[in-house]
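Commentary on secondary and tertiary structure
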Amino acid sequence: MLNKKLEEALNAQINAEFWSAYLYLSMSADMSDKGMSGVANWFAIQFKEEQDHAIKIFNYVISRGGVVKLQPIDKVETKWKNALDAFEDTLEHEQKVTSMINDLYALATEEKDYATQSMLKWFIDEQVEEEESAKGIIDNLKLIGDNGYGLYQLDKELATRVYTPLTTAE
Ligand code: FEO
């Protein structure tokens, strides 16, 4: 059985993952509005992946006999200056998520809950990738600056990102 403290913390993480999904969907809408359909595609896929993260924890709580309590999802920003601004916010947000996952892992360790520690290892690795990919795109955008052709090329590249459902969200 999941102890109550961890159950509460995992429920908070489910909400945070859904909030992340909502944030990226909002970024996708704004990037479409700015005519950057490839960037919009990248964020639309990020939206789906965040929902998978939420469902992974949702399923885990249930599998441990815990109770899922879905809470309201806070509002998100709706406008960014440009793609660089959106990706800088993405990196900052993912750094916050990393520290939330680290805090959860610390709590699971304190509570001697080895199953939760094992489940969270996937998220620890995922956060390394999340931060790395946002940082990589920020670096590209900084190199490109105001170069229209460069932005056009990067937008085309980000249009190729495809969604791979999480098999572990089963
Ligand atoms: Fe679910 Fe982007 O971390």
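Structural data are supplied above this passage.
Since the model is a prediction, treat every value here as computed from it, not as a measurement.

Digging into the packing of aromatic side chains
Between two aromatic rings, the relevant description is the distance of the centres plus the angle of the planes. Counted under the stated rule, the structure contains six aromatic pairs. One aromatic cluster is present, formed by Y24, W42, F43 and F87 through successive ring pairs. Its guanidinium or amino end placed over the ring of W122, K56 lies 4.9 Å from that ring's centre, counting from NZ or CZ. Directly above the aromatic system of W42 lies the positively charged group of R161, at a separation of 4.4 Å from the ring centroid.

Points about the pattern of salt bridges
Evaluation of the coordinates by the stated rule reveals nine salt bridges. Notably, a salt bridge pairs E7 with K4, separated by 3.1 Å at the nearest N-O pair. You can see E7 and its partner K4 sitting in helix α1 (residues 4-33), three residues apart, about one turn around the helix. When its relative accessible area of 57% is taken as the criterion, K4 is described as exposed. In this structure, K135 engages D139 in a salt bridge whose closest nitrogen and oxygen atoms are separated by 3.2 Å. Here K135 and its partner D139 are both found in helix α4 (residues 114-144), four residues apart, which amounts to about one turn of the helix. The exposure class of K135 is partly exposed, given its relative accessible area of 41%. By sharing partners, the salt bridges in this structure join D30, D33, K34 and K79 into a single network.

So, unusual backbone geometry
Across residues other than glycine, the phi torsion is negative in most instances, and most of the peptide bonds are trans. Unlike most non-glycine residues, K112 shows phi in positive territory, near 55°. Mapped onto the elements, K112 comes out in the loop between α3 (83-110) and α4.

The rules we used
Residues numbered from 1 in each chain as written. Predicted model: local features only at pLDDT ≥ 70, side-chain atom pairs only at ≥ 80, totals over all residues. Heavy atoms only, no water. Phe/Tyr/Trp six-rings, centres within 6.5 Å; stacked < 30°, edge-to-face > 60°. Lys NZ or Arg CZ within 6 Å of the ring centre and 35° of its normal. Salt bridge = Lys/Arg side-chain N within 4 Å of Asp/Glu carboxyl O. Helix = DSSP H or I, 4+ residues; strand = E, 2+ residues; numbered from the N terminus. Buried < 20%, exposed > 50% of the residue type's maximum accessible area, 1.4 Å probe, protein only.

By themselves, these figures tell us nothing about what the structure is for.
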